Amino acid sequence: MKKMILAGALLIAGCTAGLPPQGGSAPYVSRYPEPIDVSIPDNAPSITQQFRAPDTQSAAGKAWGEHQGLDVHAPLGTAVIAAAPGEVIQSYLDPAYGHTVMLSHGGSPAYWTRYTHLASRTVSEGDRLKRGQALGTLGKSGVLAGGFLHLHFEVWEKPNGGPRTAIDPHLKWADGVGKVTCFKGRNPRGAFKLTYPVPCG
């Protein structure tokens, strides 16, 4: 038991030892075939892990592992905000992902955003949220958080007639691909566009 506790402590220490500073972004894993050049405002909480689609190119199978969203590191209790206007379609506690909220944003293609490992949820199914409205607070709930404070943020897309799949959130920022966009109290014009799911300082 002591060995397991020590191993867990070392794993968490390893996660936090190499954290990018505020306004920093971890690189994509090596050999990932479609990395995006990411720029992030200096006042934005850091991204500690990037999106990784399933590896379908490698004979070794999932050589770089699958990670269906971004991980954003910030202090416990930081507000988690709607990255786009939408309706809460799920608000629940999950053993693996902890406190979880999912928003439907509609459109064609249709989009959803998912927010996990929250410390608390402040919304219920059926609530309609404006962009930037708080839906919970950042935490480390759920077994998959590994005791590490972060928001796991996912974006899902369903083209007409196609399956719903997770996509890299960096494809949908309001300021352009790879340009993390802080919410500034206004809605971007045009098609589905995202702002950062936590406030920038």
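Remember, predicted model here, so these are calculated numbers, not experimental data.

(A) Just the overall build of the protein chain, in detail. Scanning the protein chain from N- to C-terminus turns up 1 helix and 10 strands. Start at the N end of the protein chain and walk to the C end: the helices and strands fall as α-β-β-β-β-β-β-β-β-β-β. When each of the 201 residues of the protein chain is scored for burial, the buried share is 43%. Within the protein chain, counting contacts between residues at least 6 apart in sequence, those at least 24 apart form 57% of the total. A total accessible area of about 10100 Å² is found for the protein chain, and carbon and sulfur atoms account for 56% of it.

(B) Looking closely at the state of the cysteines. With the rule as written, the count across this model stands at 1 disulfide. Shown here is the disulfide that connects Cys182 with Cys200, its sulfur atoms set 2.0 Å apart. Between Cys182 and Cys200, the S-S torsion sits near -80°, and that sign places the bridge as left-handed. With a gap of 18 residues between them, Cys182 in the segment after strand E10 (165-167) and Cys200 in the segment after E10 connect regions that are remote in the sequence.

(C) Representation of the environment of Asp42 in the model. Locating Asp42 in the fold gives a position in the loop between helix H1 (2-17) and strand E1 (47-49). Under the relative-accessibility criterion, Asp42 is labelled exposed at 68%. If we skip the residues at most four places from it in the chain, Asp42 touches Gln22 and Gly23.

(D) Representation of the pattern of salt bridges. In total, this model carries 2 salt bridges according to the counting rule given. Taking the shortest distance from any N to any O, the salt bridge between Glu87 and Arg128 comes out at 3.3 Å. Here Glu87, found in strand E4 (residues 86-94), pairs with Arg128, found in strand E7 (residues 128-129); they are 41 residues apart in sequence, far enough to count as distant. In this structure, the salt-bridge partner of Glu154 is Arg114, at a minimum N-O distance of 3.2 Å. Note that Glu154 is positioned in strand E9 (residues 151-158) and Arg114 in strand E6 (residues 110-121), a separation of 40 residues in sequence. Owing to a relative accessible area of 1%, Glu154 belongs among the buried residues under this scheme. Residue Arg114 is classed as buried on the basis of its relative accessible area of 11%.

Cut-offs used in this document
- Residues numbered from 1 in each chain as written.
- Predicted model: local features only at pLDDT ≥ 70, side-chain atom pairs only at ≥ 80, totals over all residues.
- Heavy atoms only, no water.
- Helix = DSSP H or I, 4+ residues; strand = E, 2+ residues; numbered from the N terminus.
- Buried < 20%, exposed > 50% of the residue type's maximum accessible area, 1.4 Å probe, protein only.
- Contact = heavy atoms within 4.5 Å.
- Areas by Shrake-Rupley, 256 points an atom, 1.4 Å probe, with all protein chains shown as cover.
- Disulfide = S-S within 2.5 Å.
- Salt bridge = Lys/Arg side-chain N within 4 Å of Asp/Glu carboxyl O.

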